[in-house]
Structure formats: C-alpha cells, structure tokens
Amino acid sequence: MPTQNNAALPDGFHIEGYTIVRQLSMGGFSIVYLARDPKGQDVAIKEYLPNSLALRSAGEIQPVIKTEHLGAFRYGLKCFFEEGKALSRLSHPNVVRVSNFFRANETVYMVMDYERGRTLQEFIRKHQGHISERFLRGIFTRLLNGLRTVHSNKLLHLDLKPSNIYLRKDNTPVLIDFGAARQTLQVDTPILKPMYTPGFASPEHYGTREDLGPWSDIYGIGASLYACIAGSTPQAANERQKKDQLPKATIRWRGHFSAHFLETIDNCLELEHESRPQSAYSLQKMLEDDIDMIEMGTPVRAKKWFRKVLRKLRT
C-alpha cells in the first residue's frame with residue numbers, strides 16, 4: 001500500500017478547549033502539535049492518524065477511512081485511547097506526563113506536557129565521539145527509574161531509541177513517544193506496516209506479541225547506548241539473527257570505556273532474551289556499579305579490593 005500524507009490540523013484550530021499553535025512532527029502513526037491549554041500553558045497534543053488507514057486532505061478536519069480499513073482503524077484507536085488512559089495514571093519525572101485524552105473528529109487525542117530541551121539523538125549528533133561513560137551511565141540510570149515505573153504498571157515502551165529519549169535543559173532524561181499501541185496494532189492487523197524501528201527493536205518485535213516483555217525494552221536501551229558511542233544505528237535484530245555482523249562493544253571500544261560498561265551493553269544486545277538483564281532494575285544496578293570509581297579513574301578490581309579491606313577494618 002503506498003504511503004499517503006495526511007494534512008495536519010490548521011494553526012489556530014480550537015479543539016476541546018485547546019488551541020493548535022503549530023505542527024511539531026508527523027509520523028506513520030500520528031501527528032504531534034504544539035498547543036495551548038485553556039490557561040494559556042504550552043502542551044503537546046498527539047493525534048491518532050495512521051496514514052496507511054486514514055486520509056485527511058488539506059482543509060478537512062475529519063479523516064476519511066475506507067470501509068475495508070474501518071475495523072483496523074477502530075481497533076488501533078481503542079489501543080491508543082487505552083494507552084493514553086494508562087499513561088495518565090503514571091507520575092514520574094522521567095516519563096512524559098499525559099494530562100488528558102479525548103475523542104474528537106472521529107479520532108483520539110493525547111495531551112502531554114510540552115518539554116523544552118532536545119532529544120538524545122540531537123545530542124549525539126552534536127557531541128559524536130565526545131560522550132563520556134559517566135554521562136551515559138548517569139542519563140540511562142535515571143531513565144531506568146522511569147522505565148521501572150512503566151513496567152511496574154504492566155506497560156511496555158517498545159520504541160526505545162535516542163530520538164524517543166528527551167533531555168531537558170538540565171539533562172534530565174524523559175521517556176517519550178511510547179510504541180505499545182502501535183505494536184499491538186501491527187500484530188493484530190497485518191494490513192499495517194510495522195511501526196518499530198530497525199536497529200533498536202528487539203528480535204521479539206519481529207515475532208509474536210507473546211514474546212514481548214521488559215527484556216524487549218532492555219534491548220532498546222542497549223541499542224541506544226551502542227548508538228550513543230558509535231554515532232550510528234546498530235544492525236537490525238532480524239538481520240543479526242541471519243548473520244550477526246554487529247561488533248561487540250567489548251571489542252570495538254576496548255580501552256576507551258570500562259570493561260564492565262561495555263559488557264553491560266553487550267548483555268543488553270543478546271539475541272536470546274533470556275540472556276539479557278530481565279528487568280529495568282537489574283540493568284540499573286549494573287549501570288550504577290562502579291560509577292564513582294570511574295570518575296576517580298580507579299579500576300573495578302581495585303574498587304572491589306578496597307571494599308573488602310573496608311569490611312575487614314569495620315569488624
């Protein structure tokens with residue numbers, strides 16, 4: 001099916017008390033707008049509008065959905081609405097806050113905090129080759145606080161990548177643009193093209209929904225860390241399953257980062273999900289380990305010896 005481009009809602013358009021300021025982004029699944037709420041505060045509004053199922057021409061407000069696509073569109077709409085409802089119950093500084101969600105114009109809208117800063121992807125482009133291990137450990141350790149909250153609420157992100165990790169002006173990381181509804185849509189309705197991102201999507205993304213779990217998001221974290229250092233997207237998981245040509249982090253950057261850090265990245269990128277860290281918490285502990293000594297330049301082995309000596313002195 002050829003890709004079609006949907007027209008965004010016009011600037012100045014009023015919807016449920018919000019005023020559209022301008023379009024921020026457009027993807028295959030949705031359109032995101034900068035808008036103002038009734039109090040005049042800036043918010044981001046995401047509109048469910050998969051371009052393989054619905055078409056909205058310039059000057060129109062409601063999309064046109066062909067009869068044969070109506071079932072898939074409504075099912076995706078339901079998933080999007082339920083995702084908004086679930087996210088609205090989350091309150092964590094490292095997860096984008098959903099303040100409202102509503103139906104209008106034959107589709108669904110999700111209202112989120114408008115964050116100021118830049119994506120991790122933009123940061124990578126600017127600082128390629130000059131990103132420290134301590135910085136990466138700090139960013140991803142805090143990000144995993146948010147992911148732990150997501151997982152504890154029986155949700156998955158399923159689209160973890162540098163462009164979906166936002167850095168506020170103080171470099172606080174924020175998880176944005178969840179892909180759970182898109183994955184559900186892609187699995188249950190073959191008419192839709194896959195919405196995952198090759199290189200960051202786990203091997204389970206290419207299988208059935210039953211294979212997905214927290215370990216799938218762990219793969220995305222590992223791929224994002226790898227991309228931060230490499231400055232490019234890792235080899236796609238489905239291609240790796242045929243012929244794995246992704247150099248191990250422990251080999252590619254030996255001597256430039258600590259062995260423990262590089263081993264952690266490789267563990268996250270294991271093709272067999274049982275071999276990866278099984279939870280955001282376990283990965284977080286791996287990233288937190290040795291961070292202070294890295295700053296001091298103390299080897300991991302020396303740190304363990306130092307701890308052992310301290311324990312003896314205390315007894």
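Preceding this paragraph is the structure being described.
Now for a look at the structure at hand. (Residues numbered from 1 in each chain as written. Predicted model: local features only at pLDDT ≥ 70, side-chain atom pairs only at ≥ 80, totals over all residues. Heavy atoms only, no water.)

## Remarks on the sheet that holds strand β4 (residues 42–48)
Alright, step 1. Within the open sheet, the 6 strands sit side by side as β1-β2-β3-β4-β8-β7. Their pairing is antiparallel. The open sheet is flanked by β1 (14–15) and β7 (98–104), the only strands paired with a single partner.
Alright, step 2. Across 6 bridges, the pairing between β7 and strand β8 (residues 107–113) is antiparallel. Bridge pairing in β8 links asparagine 100 to valine 111. (Pairing = 2+ DSSP bridges. Helix = DSSP H or I, 4+ residues; strand = E, 2+ residues; numbered from the N terminus.)

## Considering the pairing of strand β3 (residues 30–36)
Alright, step 1. When you tally the buried positions in β3, you get 6 out of 7 residues, the bulk of the element.
Alright, step 2. Relative to β3, strand β2 (residues 18–26) is paired through 6 bridges, and the arrangement is antiparallel. Note on β3: the bridge partner recorded for arginine 22 is leucine 34.
Alright, step 3. Here β2 folds back onto β3 in antiparallel fashion, the turn holding 3 residues.
Alright, step 4. Sheet analysis places β3 next to β4, joined by 7 bridges and oriented antiparallel. Looking at the pairing, serine 30 lines up with tyrosine 48 of β4. (Buried < 20%, exposed > 50% of the residue type's maximum accessible area, 1.4 Å probe, protein only.)

## Describing the sheet that holds strand β11 (residues 173–175)
Alright, step 1. Judged by pairing direction, the sheet is antiparallel, and its 3 strands sit side by side in the order β9-β10-β11 without closing on themselves. If you trace the sheet from one side to the other, it starts and ends with β9 (117–119) and β11, each paired once. Strand-to-strand twist of the sheet, defined as the mean angle between neighbouring strand axes without regard to direction, takes the value 30°.
Alright, step 2. Its contacts with the sheet place helix α3 (residues 133–152) against β10 (165–168) and β11, and it is angled at close to 35° to β11. (Axes fitted to C-alpha atoms, helices over the stretch in contact; angles between N-to-C directions. Contact = heavy atoms within 4.5 Å.)

## Description of unusual backbone geometry
Alright, step 1. The phi torsion at asparagine 105 lies on the positive side, around 55°, for a residue other than glycine.
Alright, step 2. Assignment of secondary structure puts asparagine 105 in the loop between β7 and β8.
Alright, step 3. Take asparagine 105: its relative accessible area is 17%, and that puts it in the buried class.
Alright, step 4. The phi torsion at aspartate 177 lies on the positive side, around 50°, for a residue other than glycine.
Alright, step 5. Its place among the elements puts aspartate 177 in the loop between β11 and α4 (180–188).

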